[in-house]
Amino acid sequence: MELKKILWPTDLSGSAEKALPFVKSLTEKYDTEIHVLYVIEDIAHHKSWYGDFEQETIQKIVRWEEKTAKKRLDELCSTSLEGCPLYVKHVAIGDPAQEILKLVEAEKVDAVVLSGRGEKGHYRLGSTAEKVVRNAPVPVITVPVEQPA
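Residues numbered from 1 in each chain as written. Predicted model: local features only at pLDDT ≥ 70, side-chain atom pairs only at ≥ 80, totals over all residues. Heavy atoms only, no water.

A.B. asks: Help me out: how do you make sense of the overall build of the chain in this one?
C.D. replies: Along the backbone of the chain there are five helices and five strands. Element order for the chain, N to C, with α for helix and β for strand: β-α-α-β-α-β-α-β-α-β. Evaluated residue by residue, the chain yields a buried proportion of 38% over its 149 residues. Taking all contacts inside the chain whose residues are at least 6 apart in sequence as the whole, residues at least 24 apart take part in 77%. For the chain, the accessible area works out to roughly 9,300 Å², and carbon and sulfur atoms hold 51% of it. (Helix = DSSP H or I, 4+ residues; strand = E, 2+ residues; numbered from the N terminus. Buried < 20%, exposed > 50% of the residue type's maximum accessible area, 1.4 Å probe, protein only. Contact = heavy atoms within 4.5 Å. Areas by Shrake-Rupley, 256 points an atom, 1.4 Å probe, with all protein chains shown as cover.)

A.B. asks: Just checking my understanding: could you explain the environment of A111 for this structure?
C.D. replies: Structurally, A111 can be placed in strand 4 (residues 111-115). Taking the C-alpha atoms as reference points, A111 and L7, 104 residues apart in sequence, are found 6.3 Å from one another. When neighbours within four sequence positions are excluded, A111 is seen to be in contact with L3, K5, I6, L7, V138 and P139.

A.B. asks: Looking at this structure, how should I read helix 4 (residues 96-107)?
C.D. replies: Think of an α-helix as turning once every 3.6 residues; residues three or four places apart then point the same way. The first and last C-alpha atoms of helix 4 sit 16 Å apart over 12 residues, in line with the 16 Å expected at 1.5 Å per residue. The inward-facing, buried residues of helix 4 abut strand 1 (5-9), strand 2 (33-40), strand 3 (86-93), strand 4 and helix 5 (127-135). Looking one or two residues beyond helix 4, the residue adopting positive phi is K108, at roughly 55 degrees. (Expected span 1.5 Å × (residues − 1).)

A.B. asks: I tried to follow the sheet that holds strand 5 (residues 140-143) on my own but got confused; where do I start?
C.D. replies: Through backbone hydrogen bonds, the strands of a sheet pair up, either in parallel or in antiparallel fashion. Overall, parallel pairing links the five strands, which are arranged 3-2-1-4-5 in an open sheet. Looking at the sheet topology across the chains shown, the edges are occupied by strand 3 and strand 5. Each strand of the sheet is rotated relative to its neighbour by a mean of 20 degrees, with strand direction disregarded. (Pairing = 2+ DSSP bridges. Axes fitted to C-alpha atoms, helices over the stretch in contact; angles between N-to-C directions.)

A.B. asks: How do you make sense of the nonpolar core when you look at a structure like this?
C.D. replies: Inside soluble globular proteins, nonpolar side chains tend to come together where they are buried. With 20 residues, the main nonpolar core has W8, V36, Y38, L81 and V113 as its most contacted residues. Listing elements by their share of this core, those giving two or more residues are strand 1, helix 2 (20-30), strand 2, helix 3 (55-80) and strand 4. Setting aside chain neighbours within four positions, we find Y38 in contact with T10, D11, L12, E65, A69, L73, H90, V91 and A92. Listed in part, the 16 residues of the second largest apolar core include A92, L101, V109 and A136. (Core = buried A, V, L, I, M, F, W, Y, C linked by side-chain atoms within 4.5 Å.)

A.B. asks: I tried to follow the pattern of salt bridges on my own but got confused; where do I start?
C.D. replies: All chains considered together, the criterion is met by five salt bridges. Salt-bridge contacts for E2 lead to K4; the nearest nitrogen and oxygen are separated by 3.9 Å. Using a relative accessible area of 51% as the deciding quantity, one classes K4 as exposed. Here K102 ties to E99 by a salt bridge, and the two come within 3.1 Å at their closest N and O atoms. A residue pair is termed a helical-turn pair when its members lie 3 or 4 positions apart in one helix, as K102 and E99 do in helix 4 at three residues. (Salt bridge = Lys/Arg side-chain N within 4 Å of Asp/Glu carboxyl O.)

A.B. asks: How do you make sense of the environment of V112 when you look at a structure like this?
C.D. replies: By the element assignment, V112 lies in strand 4. Looking at V112, the relative accessible area reads 0%, which means it is buried. Separated by 77 residues in the primary sequence, V112 and H35 place their C-alpha atoms 9.3 Å from one another. Sequence-distant contacts of V112, that is, excluding residues within four places in its chain, are made with L7, P9, V104, V132, V138, P139, V140 and I141.

See below:
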């Protein structure tokens, strides 16, 4: 099997960073591109919390989160992936599992490496990881994350 592109989806949490040693190891062994993906939750389709937000307010929140995500991805890539030959940063809006699967197809990724659960996860295998494992057309490596004490 040849690996040219690896996708590392991250929610920018400590749990997601547990997958980094695997990403780096595969990159060093196969000299692959790393595609790093952060997905912004689409708040426009949520039920109203304390009344409805106007579209302008929602767009302002999304723009702020996108700007913040890009800055954090830049920092993460420069500090944690500095030895990697090439990394490409992606920010998407929507359901994380759906966006991961879309990017696998769009970028013709050869494998996905992700933590078993994200920041909000309570189980060893979270819902996003499970959906990706069940539906990805490429190999998926899930990195276990210990439950907090």
